[in-house]
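These are the residues of each chain, in order.
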Amino acid sequence: MLSPNVLHQHQQMFPHQYLDSNGYPIAYAHPGPPLASMSSMTLNNLTMKAVRVHRFGGPDVLQVDTNVPVPEVGDDQVLVRVIYAGVNPVETYIREGQYSRLPELPYTPGSDAAGYVQQLGRNVTTLKVGDRVFVSGNSSNSSNSGSYSQYVVSDGTYVFPLHPRLSFAQGASLGVPFFTAYKALILRAETKPGETVLIHGASGAVGTAAVQIARALGAIVVGTAGTKEGMDVVSKCGAHHVFNHNHKSYDKKMVEHLGTGFDVIIEHLANINLGHDVQMLNEKARVMIVGCRGAVNINPRHLMGPEASVRGVALGSSTP
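Scope of this entry: the structure provided in the associated data block.

Calculation rules
Residues numbered from 1 in each chain as written. Predicted model: local features only at pLDDT ≥ 70, side-chain atom pairs only at ≥ 80, totals over all residues. Heavy atoms only, no water. Buried < 20%, exposed > 50% of the residue type's maximum accessible area, 1.4 Å probe, protein only. Helix = DSSP H or I, 4+ residues; strand = E, 2+ residues; numbered from the N terminus. Arc of directions from axis to C-beta. Contact = heavy atoms within 4.5 Å. Salt bridge = Lys/Arg side-chain N within 4 Å of Asp/Glu carboxyl O. Pairing = 2+ DSSP bridges. Axes fitted to C-alpha atoms, helices over the stretch in contact; angles between N-to-C directions.

Observations regarding helix 6 (residues 250–258)
For the α-helix, the turn length of 3.6 residues means that residues three or four positions removed from each other point alike.
Stage number 1. Listed in full, the buried residues belonging to helix 6 are Tyr 250, Asp 251 and Met 254. Along the axis of helix 6, the buried residues cluster in a sector spanning 105°; they form a single face. Those residues of helix 6 that are exposed and angled more than 90 degrees off the buried face are Lys 252 and Glu 256.
Stage number 2. Of the residues one or two after helix 6, Gly 259 is the one with positive phi, at around 75°.

And the structure:
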């Protein structure tokens with residue numbers, strides 16, 4: 001899900017001589033000599049608009065603050081002018097105060113964004129000012145300043161060139177969904193071509209990413225969704241077989257239809273589905289827990305026979 005960060009009214013933030021023909025601040029590099037029109041200013045003493053959370057709670061705690069300082073840029077960091085910000089479910093859990101690691105209040109939510117490089121730290125050599133990029137700083141190792149804002153600072157490790165074929169809206173949707181799917185399928189499950197992969201809840205952001213990655217890898221891809229519209233999305237993303245997980249006994253129907261169980265399962269709602277997952281496993285199968293909203297009881301005997309495993313996946317614990 002995406003939210004456009006409409007950038008306007010820069011005249012109130014920047015003197016007119018520092019704006020380009022589109023009304024945006026002129027980009028400049030740090031620490032080298034600035035552009036002539038920027039010679040007497042720095043971004044670090046200016047303010048911006050940002051969505052801020054001053055107390056944990058529902059959506060009503062989100063508020064737009066207009067005088068938030070533009071974050072400072074460290075030697076290994078990049079300042080990005082945000083065009084689109086990605087919105088991920090984990091951000092709602094954090095906002096509600098229901099996550100294992102909570103930021104200090106007040107804070108700016110968001111880790112995913114796409115836009116233009118505005119300023120570079122002295123040690124960043126892989127990018128240049130003005131590059132189209134996407135940002136994903138959702139890691140305990142990153143110092144992302146929050147993407148629900150006009151500018152975001154992130155460690156250079158978490159800023160990536162945006163392919164010319166992709167829009168900023170698409171770029172803002174890449175980070176958390178695709179990196180999570182890649183970590184689950186490739187790094188944790190070590191999925192191999194020809195294996196049968198089930199993606200439970202495949203119509204969401206991580207799910208659609210997982211379908212595309214698994215299909216590109218050469219796996220046999222099975223996806224589930226809860227509506228016809230969702231099933232159509234999963235099919236268009238490349239799934240070989242799509243089932244409605246709201247239908248009675250759909251799990252048995254999948255196994256009967258395929259004539260086999262699954263080698264890998266990507267699970268987005270373990271508290272509901274894990275008990276069914278463990279009854280559909282091939283030998284040495286791996287169930288990857290990407291999402292869970294409560295406790296669950298399973299019979300471990302279902303794991304013993306095929307010598308299968310259940311593994312957790314957390315993008316936030318990833319190293320660069």
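Points about unusual backbone geometry
Negative phi characterises most residues that are not glycine, and trans characterises most peptide bonds.
Stage number 1. Between Leu 105 and the following residue, Pro 106, the backbone shows a cis peptide bond with an omega angle of -10°.
Stage number 2. Tracing the backbone through its elements, the reader meets Pro 106 in the loop between helix 1 (89–95) and strand 5 (112–120).
Stage number 3. Non-glycine residue Lys 284 carries a positive phi angle of around 65°.
Stage number 4. Looking at the element boundaries, Lys 284 is found in strand 13 (residues 281–289).
Stage number 5. Assessed through its relative accessible area of 42%, Lys 284 is described here as partly exposed.

Considering the side chain of Lys 183
Stage number 1. If you trace the backbone, Lys 183 turns up in helix 3 (residues 175–188).
Stage number 2. Sequence-distant contacts of Lys 183, that is, excluding residues within four places in its chain, are made with Arg 188, Val 313, Ala 314, Leu 315, Ser 317 and Ser 318.

Here's the deal with the pattern of salt bridges
Stage number 1. Counted according to the given criterion, the structure contains seven salt bridges.
Stage number 2. One salt bridge in this structure joins Arg 286 and Glu 195, with 2.9 Å as the shortest N-O distance. Taken as a pair, Arg 286 in strand 13 and Glu 195 in the loop between helix 3 and strand 9 (196–200) lie far apart in primary sequence, 91 residues in all. One exposure class covers both Arg 286 and Glu 195, and it is buried.

So, the pairing of strand 6 (residues 132–136)
Stage number 1. Strand 6 sits mainly inside the fold: four of its five residues count as buried.
Stage number 2. Judged from the five bridges that link them, strand 5 and strand 6 form a sheet pairing that is antiparallel. When the bridges of strand 6 are listed, Ala 113 appears paired with Val 135.
Stage number 3. Judged from the three bridges that link them, strand 6 and strand 8 (residues 159–161) form a sheet pairing that is antiparallel.

Some details on the sheet that holds strand 14 (residues 309–312)
Stage number 1. Taken in spatial order, the six strands line up as 11-10-9-12-13-14 in an open sheet, and their pairing is parallel. Edge strands, defined here as strands with exactly one partner in the open sheet, are strand 11 (241–244) and strand 14. Sheet twist, expressed as the mean angle between neighbouring strand axes with direction ignored, is 20°.
Stage number 2. Direction of pairing for strand 9 relative to strand 12 (residues 262–267): parallel, over a ladder of four bridges. Note on strand 12: the bridge partner recorded for Ile 199 is Ile 266.
Stage number 3. Those strands touched by helix 7 (residues 270–277) are strand 9, strand 12, strand 13 and strand 14, and its axis lies near 175° from that of strand 13.

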